[in-house]
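Residue-level listing of the chains:
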Amino acid sequence: MFYVSPAKIASYFYHECERNLYFRSLAKERRGELDVPEELFRRPASHENVLRRGVEWEKTVISTYLADEVKMGKQVSDLPLSHCYLDSEETIRELKEPSKRYLYQPTLIVPPRFYERYGLNPGTVRFAACRPDVIECVRGQDGWTFRIIDIKSSDALQFSHRVQTALYALILSFVLEEHGIKGKVDLDETRIWTYGAEQPQTTNIRQLIPYIEHFLSSELTILTEKQADDLFWHLDYRCEWCPFYSYCLDKARQQAHISLVPYLSSYTSRFVREQQLPETIRAFHQFLQREENGSVLKQNATLARQRRRLETQLMAIAKEKVIPHDRVVADMPKWEDIRLIFTAQRDQATGKIAAASLYRVGGIDVFGTGSEMHHFVARCLEECDAVIRKFVDALDRLLQTVHDYNKTREWQAQKSVQAYVVDNYEWDNLQHMLSELLLDREYQEKAVRLLFYFHSGVLSSAHQHPKEMVPLPVVVLTTVASQLFALPVHVAYRLEDLSAYIAAYSDRPFTYRANERFSFRLTNAMKMDVLHDAWQTGDEEKRKEVEGELRRRLWAAHSIIRGIRAWAARIQPSPLAVWPEKFRFPDSAHYRDPLISKLAFMARYEALLNYLDVRQRRSLPLADRLETGVTLHITYLGAKRFRLNNRHALEAIDQKANWLLTECDEEGEKAQQTFPDMKYAGDRSAPRWANLYFARIRTIDDDGKTAELELELPRLLDRFPLVKGENYLLSLRYADLTTVRVLRALQALDQENHRILDLIRDPIRYRKTFRPKWEADEVKALLRESRLTKSQRQAFLHLLRYTLTLVWGPPGTGKTHFIAAALRLLMAIYEKRGRRLAILISGFTHAAIENCLNKIKELAPQGKVSIAKLGAVQTENAKGIIELADGEVWEWLDSGRHCVLGATLYGIQRAHEKGLLAGGFDVVVLDEASQIRVVN
């Protein structure tokens, strides 16, 4: 027998682990069938402080926020409120005629019809009595509506919360039906009351319910029928919160299971099992090494993309030694004048930042001292906000001092700054702290200034934005370590591992040893149990212990940085390929309209992310780059034609991409790895100092056996000669010829206070209503002849009435046909009134635009409509459509016929900037508009 519940099923969806649900649900009398220690079944899934905080928060919500509106069961004086609940009979009476708006911990007994509906055998799988935290009862014109509210101790809504509340809602709907209760359950939305919130957060469950129903009807029974050894399981960071983690880790080590490989996803592990591939480290390593297995590996993106890296990691574990990856990192500089290391730690129970520290190393001529360290630790929960402010004060003071020092000096004398954290969560925490202070009037200016440097997507909600982006404000040491080294460790790279294996490369390393009072088993986040004890007892010594742990973590990070640099100094060419920028706070972008400022930031931020993506891909080992098509191995044939040697990467080649052509040797690799793409992103030729050429692929000829590329190259090949028969490398280049144009156009819109801004701000208010210039009978007659569907006719009538119409539909629903048919009808209406229309068809891709022009050509009356494309036609089907140069548009529009012009966003913007569209257009169609970036 298996006893399941919404909480257990939600945990299954969170962990993606069959073992988790199987072990937690198996009846007590059957546990002897497993070799799992009995005490693990009694261990709570959450840490004690989290559970205690959850009980306290639930009491606060019920007694404070909901107060007199809650129907509760009998409360026992010596027990906490969470032990109070409505029994099943009381629950049914309340659901039939609610006496209060909220029912606290009502008992729902899953009825037989639920088991029947999902094909579950209650003799094998049984739901325990379910008690959602709260059911909200709302009376409406059509009777009662019931909505699930769940109270959570975490400060953020999680996917598992949605699963749990969706299951409660589903079960409640069957309970109403079973007992003939008049009313309905809200199966569209539930509410999650996260810690510290004044009201619950609404979450959509409508799209989730089909997946849950599929699990109930198709997967749950199969899972319970499995033998324990056949259950799918996988070790990852989520196992930290599973009571059976130590059991699974022991099993993995006994079996040398691939689940021990750091950061291997559960999706990849499941693929390995489903394909019946080897699951032990040694056998899987041998499988990866055999080239004939490539076709199987290509079915999984991770295995195909990271095959070489996985081979190295498996070898490191098998041989129990550190093995460097053959790659360059673009995420860590060679050196910096001033090093800032920081950490920020959340209280796991409340989600608040409770402790933070900052360590400066270097800059004696700026600060007068060689280093300084600051710790900020809350003395109570209420002091957590003060921790954030004090940390931000210290960080701002340090950076402002360097900024002021640099602005009065020549470039050579200025100081560079690089910030470091051990793990990504600390970087996330910094961004969280700064985003919170955006709402604090006293700290808003500091928060904005720091976010200009430590940029993040949160700035899109601010009113001020930086004029330029800093490519690498923070280095994450676990990321750099995983890029440079395969460590002989299991599941994840912990601070203790980095200290033991990497800091050891430096002279005088500081060795960090994990303490179970402060360290989790899988993540680098800091446990806050000691700090909780300090809060409850007022023991200052315990708070100082927390400071001591923060200090050790900062020393360890500093030692790891020195270890990486000491190791890199022995390698030629160096795997560290970049230098940090001279520090200054980025200037503010000055726009009158906050919306323009936001759009400009989005354009710059997206450009930065694209640059970082290209740099990251290009810093992979050469073997990986050749495998994935990031780098092409080519042989010169003459006349700017090259044979492609890694032909298997043909499908991955983006013919519109920009490339760097280098020699196929160590110097060529160094040239592409150290090239600062972002600085020269808008240039069409390489700087004179760079030993490489900018290139583009003009054509690809493939006969099925060999592939040849024709390249666009500079006329003057003065960096190195191209020699027939010699090999070269072609590597992806980050180029951006459009962001500058977008920013220039936004600047013009800002100066004009253009009406398009009102469209973006509020499309519905922006649109205007037409005064009808046509007879209703005339329109009806045209629609009868049009063969449009009912919804298409409604869309056309909307188009006649309003200046703005948004048309949506899944693929294959006739959107392109509607555009062509609607424009033909519109032309017919205006033609009767002696008007000729100028129509623009634009969009994100040439293919979409030309497809639309083709459809218009099919439906438009011959001789009355002129159809043209601004620039060259790109697709075969559109051949024959007139091609116009920019200077020909004006005269063509003045032809006396209806004119339909197709043009890309950038093409039409170029013509506009040249002043060639003075008359404008009567109708503008943006096809596939959802693919267009907002700034475009």
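Remember, it's a predicted structure, so these values are computed and weren't measured experimentally.

A. The overall build of the chain, seen in detail. Each helix and strand in the chain was counted, giving 34 helices and 29 strands. Principal-axis analysis of the C-alpha atoms places the extent of the chain at approximately 90 × 80 × 60 Å. A sequence separation of at least 24 residues applies to 70% of the contacts in the chain between residues at least 6 apart. Summing over all exposed atoms, the chain offers an accessible surface of approximately 44,900 Å²; the carbon and sulfur share of this is 48%.

B. The environment of Ala 795, seen in detail. Within the secondary structure, Ala 795 sits in helix α30 (residues 790–801). By relative accessible area, which is 17% here, Ala 795 ends up buried. Placed 634 residues apart in sequence, Ala 795 and His 161 show a C-alpha to C-alpha distance of 39 Å. Filtering out sequence-adjacent residues up to four positions away, Ala 795 remains in contact with Thr 805 and Phe 818.

C. Highlighting the sheet that holds strand β26 (residues 865–870). On the basis of which strands lie adjacent, the open sheet formed by 5 strands has the order β27-β26-β28-β25-β29 and parallel pairing. Across the chains shown, the open sheet's two edge strands, defined by having one partner strand only, are β27 (882–884) and β29 (923–927). Here the strands of the sheet are splayed against their neighbours by 25° on average, with no regard to which way each runs. Strand direction decides the pairing type here: β26 and β27, joined by 3 bridges, are parallel. Counterpart to Ala 868 in the pairing with β27 is Ile 882. Relative to strand β28 (residues 898–904), helix α34 (residues 905–913) is tilted by about 110°, and along the sheet it contacts β25 (838–843), β26, β28 and β29.

D. Looking closely at empty space enclosed by the protein. Across all of its chains, the model carries 5 cavities of 30 Å³ or more by this definition. Roughly 100 Å³ of internal volume is contained in the largest cavity. If you go around the largest cavity, the residues you meet are His 15, Cys 17, Arg 19, Asn 20, Phe 23, His 234, Cys 239, Cys 242, Phe 244, Tyr 245 and Cys 248. Of all the secondary structure elements, the ones that give two or more residues to the lining of the largest cavity are α2 (18–25) and α9 (245–255). Of all the elements, α2 adds the most residues to the lining of the largest cavity, at 3 residues.

E. Fine view of the side chain of Arg 553. Residue placement: Arg 553 occurs in helix α22 (residues 540–568). Owing to a relative accessible area of 6%, Arg 553 belongs among the buried residues under this scheme. When neighbours within four sequence positions are excluded, Arg 553 is seen to be in contact with Gln 345, Tyr 425, Leu 495, Tyr 512, Phe 518, Ser 519, Asn 524, Ala 525 and Met 526.

F. View of the sheet that holds strand β15 (residues 417–421). Reading across the sheet, the 5 strands line up as β14-β13-β12-β15-β16 and stay open at both edges, with mixed pairing between neighbours. The sheet is open, and its two edges are formed by β14 (371–377) and β16 (474–476), each paired on a single side. When the angles between neighbouring strand axes are averaged without regard to direction, this sheet yields 20°. As paired elements, strand β12 (residues 338–346) and β15 share 4 bridges and run parallel to each other.

G. Quick look at the environment of Gly 363. When you line up the elements, Gly 363 lands in the loop between β13 (353–361) and α15 (364–367). Counting along the chain gives 53 residues from Gly 363 to Ser 416, while the straight-line C-alpha distance between them is 9.4 Å. Ignoring any residue separated from it by four or fewer positions in sequence, one finds Gly 363 in contact with Asp 337, Ile 338, Gly 368 and Thr 369.

H. A look at the nonpolar core. In this structure, Phe 391, Phe 454, Ile 634 and Leu 730 are the most contacted members of the largest nonpolar core, which totals 103 residues. Setting aside anything within four residues of it in sequence, one finds Leu 730 in contact with Val 630, Thr 631, Leu 632, Ile 634, Trp 659, Leu 660, Leu 661, Ala 695, Ile 697, Leu 709 and Leu 711. Counting residues in hydrophobic clusters, the runner-up holds 83 residues, among them Tyr 118, Ala 166, Phe 215 and Leu 297.

I. Focus on the UniProt feature "domain: DNA2/NAM7 helicase helicase" (unreviewed entry) in the chain. Summarizing the sequence annotation, UniProt attributes the feature "domain: DNA2/NAM7 helicase helicase" (unreviewed entry) to residues 788–874 in the numbering used throughout. Secondary structure across residues 788–874 comprises 49% helix and 14% strand; the distance between its end C-alpha atoms is 30 Å.

J. Representation of α22 within the structure. Between its first and last C-alpha, α22 extends 43 Å over 29 residues, near the 42 Å set by a 1.5 Å rise per residue. Backbone nitrogen of Glu 541 and a side-chain oxygen of the N-cap are separated by 2.9 Å at the start of α22; the cap is Asp 539.

K. Inspection of the pattern of salt bridges at higher detail. Under the criterion given, the structure shown has 65 salt bridges. A salt bridge links Asp 188 to Arg 206, with the nearest nitrogen and oxygen atoms 3.1 Å apart. Here Arg 206 lies in the loop between β9 (201–204) and α8 (209–225) and Asp 188 lies in the loop between β7 (184–185) and β8 (189–193), a separation of 18 residues in the sequence. When its relative accessible area of 34% is taken as the criterion, Asp 188 is described as partly exposed. Judged by relative accessible area, which is 49%, Arg 206 ranks as partly exposed. When the shortest N-O distance is used, the salt bridge between Arg 494 and Glu 496 registers 3.3 Å. By relative accessible area, which is 16% here, Arg 494 ends up buried.

L. Focus on a nonpolar patch on the surface. Among the surface-exposed residues, Met 602, Ile 760 and Val 934 lie close enough to one another that they form a single nonpolar patch of about 230 Å² accessible area. In this structure, Ile 760 sits in helix α27 (residues 756–761). Given a relative accessible area of 35%, Ile 760 falls into the partly exposed group.

M. The arrangement of helix α14 (residues 307–319) in detail. The end-to-end C-alpha distance of α14 is 18 Å, a good match for the 18 Å that 13 residues give at a rise of 1.5 Å each. Taken as a whole, α14 has its buried residues at Arg 307, Arg 309, Leu 310, Glu 311, Thr 312, Gln 313, Leu 314, Ala 316 and Ile 317. Within two residues after α14, Glu 320 carries a phi angle of roughly 55°, on the positive side.

Cut-offs and rules
Residues numbered from 1 in each chain as written. Predicted model: local features only at pLDDT ≥ 70, side-chain atom pairs only at ≥ 80, totals over all residues. Heavy atoms only, no water. Helix = DSSP H or I, 4+ residues; strand = E, 2+ residues; numbered from the N terminus. Contact = heavy atoms within 4.5 Å. Areas by Shrake-Rupley, 256 points an atom, 1.4 Å probe, with all protein chains shown as cover. Buried < 20%, exposed > 50% of the residue type's maximum accessible area, 1.4 Å probe, protein only. Pairing = 2+ DSSP bridges. Axes fitted to C-alpha atoms, helices over the stretch in contact; angles between N-to-C directions. 1 Å grid on protein atoms, 1.4 Å probe; cavity = no way out; pocket = protein on both sides within 12 Å on 5 of 7 lines; lining within 4 Å. Points joined across faces, edges and corners; volume = space filled by probe spheres on them. Core = buried A, V, L, I, M, F, W, Y, C linked by side-chain atoms within 4.5 Å. UniProt positions renumbered as here; feature names shortened; annotations may be inferred. Expected span 1.5 Å × (residues − 1). Polar contact = N/O pair within 3.5 Å; in protein donor to acceptor, adjacent residues only side chain to side chain. Salt bridge = Lys/Arg side-chain N within 4 Å of Asp/Glu carboxyl O. Patch = residues over 30% accessible without salt bridge, like charges linked within 9 Å, V, L, I, M, F, W, Y side chains within 5 Å.

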